[in-house]
Each structure stands twice: as C-alpha cells, then as structure tokens.
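Close look at the chain arrangement
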Amino acid sequence: MSLTSAATLATLHRTGPRRITDLAAIEGVTQPAMTVLVRVMEESGLVERRGDASDKRVTLVCLTEAGASYVQTRRQAGADAFARLIDDLADDEVDALVAALPALAHLAELESQDREGPKR
C-alpha cells in the first residue's frame, strides 16, 4: 500500500467521512489523483462512498470495517516496534521520553489541526 493510501485511511479514521476534494487537499495530491486512489481503496474494500445526509449533492468517502481494521493493525505494529526499541534504552533516556510526551502530543495535535482543517 502506498504512503498516500495509508495516510488517507488514517485521516478518515481520525476525522470521519470526508469529501474527495478535502482528502486531496489534506494529503497534498490533486483531486483526480485522489479520485483514482479512492477507487482503488474502494475496490479493495477499505473505503466506501456514501451520500451526505445534509447535502444530497455531496458524496463522502467513509472507512469500512476492513479499512478501520487495517489502520488499527498498522498502528499496533508501530507501537509494538517502538516498545521493543524503548526496551533497549537506558532508564534516564526512558525518563526523558516520558517527560517529553505531553509536548509531543500537543505538537501532533497542532500539526493535525493545521493539516486537516475543521471537521465537516
């Protein structure tokens, strides 16, 4: 799976259903490229398109159960890999990481808000 596909699935997991144009802007690709990407992920069963209840002209891209499972599996694999690496650190290095966690979480939140804009 491409990095853009994985990032798009993660975005949908975090923010919920989105328009293709929104996803394209968030992921930094063209709308036609995102349309192709969504079609491929749809054919793979990772996303589906649904009408927007508040605006019948709008189609939203939604994560399927398989897509959500894929995101969770990737996240868990990443967490497991970091846990193995952290086990190899000295105690003072682990303490430094723990102390930095609130600032890192805030930084990630700010980046996410900047990148994704308001929820729709």
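Right above here is the structure, for reference.
Attention here is on the structure that accompanies the text.

Parameters and conventions
Residues numbered from 1 in each chain as written. Predicted model: local features only at pLDDT ≥ 70, side-chain atom pairs only at ≥ 80, totals over all residues. Heavy atoms only, no water. Pairing = 2+ DSSP bridges. Helix = DSSP H or I, 4+ residues; strand = E, 2+ residues; numbered from the N terminus. Axes fitted to C-alpha atoms, helices over the stretch in contact; angles between N-to-C directions. Parallel < 35°, antiparallel > 145°, perpendicular 65-115°, else oblique. Contact = heavy atoms within 4.5 Å. Nonpolar A, V, L, I, M, F, W, Y, C, P; charged D, E, K, R; others polar. Salt bridge = Lys/Arg side-chain N within 4 Å of Asp/Glu carboxyl O. Buried < 20%, exposed > 50% of the residue type's maximum accessible area, 1.4 Å probe, protein only. Patch = residues over 30% accessible without salt bridge, like charges linked within 9 Å, V, L, I, M, F, W, Y side chains within 5 Å. Areas by Shrake-Rupley, 256 points an atom, 1.4 Å probe, with all protein chains shown as cover. Lys, Arg positive; Asp, Glu negative; His and termini not counted. Charge placed at Lys NZ, Arg CZ, Asp CG, Glu CD. Core = buried A, V, L, I, M, F, W, Y, C linked by side-chain atoms within 4.5 Å.

Once that is clear, we can look at the pairing of strand β1 (residues 47-52). One ladder, built from six bridges, connects β1 with strand β2 (residues 55-63); its direction is antiparallel. Paired with V47 across the strands is L63, a residue of β2.

Another aspect to go through is the packing of helix α1 (residues 3-15) against helix α4 (residues 65-86). Taken N-terminus to C-terminus, the directions of α1 and α4 make an angle of 105°; their axes are 10 Å apart at the nearest point. Comparing their axes, α4 and α1 come out roughly perpendicular. Every residue of α4 that contacts α1 at A6, L9, A10, H13 and R14 is listed here: A68, Y70, V71, Q72, R74 and R75. Of the residues contributing to the contact of α1 with α4, the split by class is six nonpolar, two polar and three charged.

We now examine the pattern of salt bridges. Across all of its chains, the model carries three salt bridges by this definition. Across the pair R49 and E42 runs a salt bridge whose closest N-O atoms are separated by 3.1 Å. Take E42: its relative accessible area is 31%, and that puts it in the partly exposed class. Put simply, E48 and R50 hold a salt bridge, and the shortest N to O gap is 2.4 Å. In this structure E48 comes out as partly exposed when scored by relative accessible area, which is 28%.

In this section: the side chain of S5. Residue placement: S5 occurs in helix α1. Look at S5 and you get buried, because its relative accessible area is 7%. When sequence neighbours within four positions are dropped, the list of residues in contact with S5 reads L37 and M41.

This next bit is on a negative patch on the surface. A surface patch of negative charge is lined by D91, D92, E93 and D95. Classification of E93 as partly exposed rests on a relative accessible area of 38%.

Let's shift gears to the nonpolar core. Membership of the largest hydrophobic core comes to 14 residues, with the highest contact counts inside it found for L9, L12, M34, V38, M41, V47 and V61. V61 has contacts with L12, P17, R18, I20, L23, V38, V47 and E48, leaving out every residue within four places of it along the chain.

Our next topic: the environment of A68. With respect to the helices, strands and loops of the structure, A68 is situated in helix α4. For the pair A68 and L9, spaced 59 residues apart in the sequence, the C-alpha separation amounts to 7.8 Å. Not counting the four nearest positions on each side in its chain, A68 is found in contact with H13 and L63.

A surface patch of nonpolar side chains, amounting to about 450 Å² of accessible area, comprises F82, L85, I86, L89 and L97. The element contributing the most residues to the nonpolar patch is α4, with three residues. Structurally, L85 is set in helix α4.

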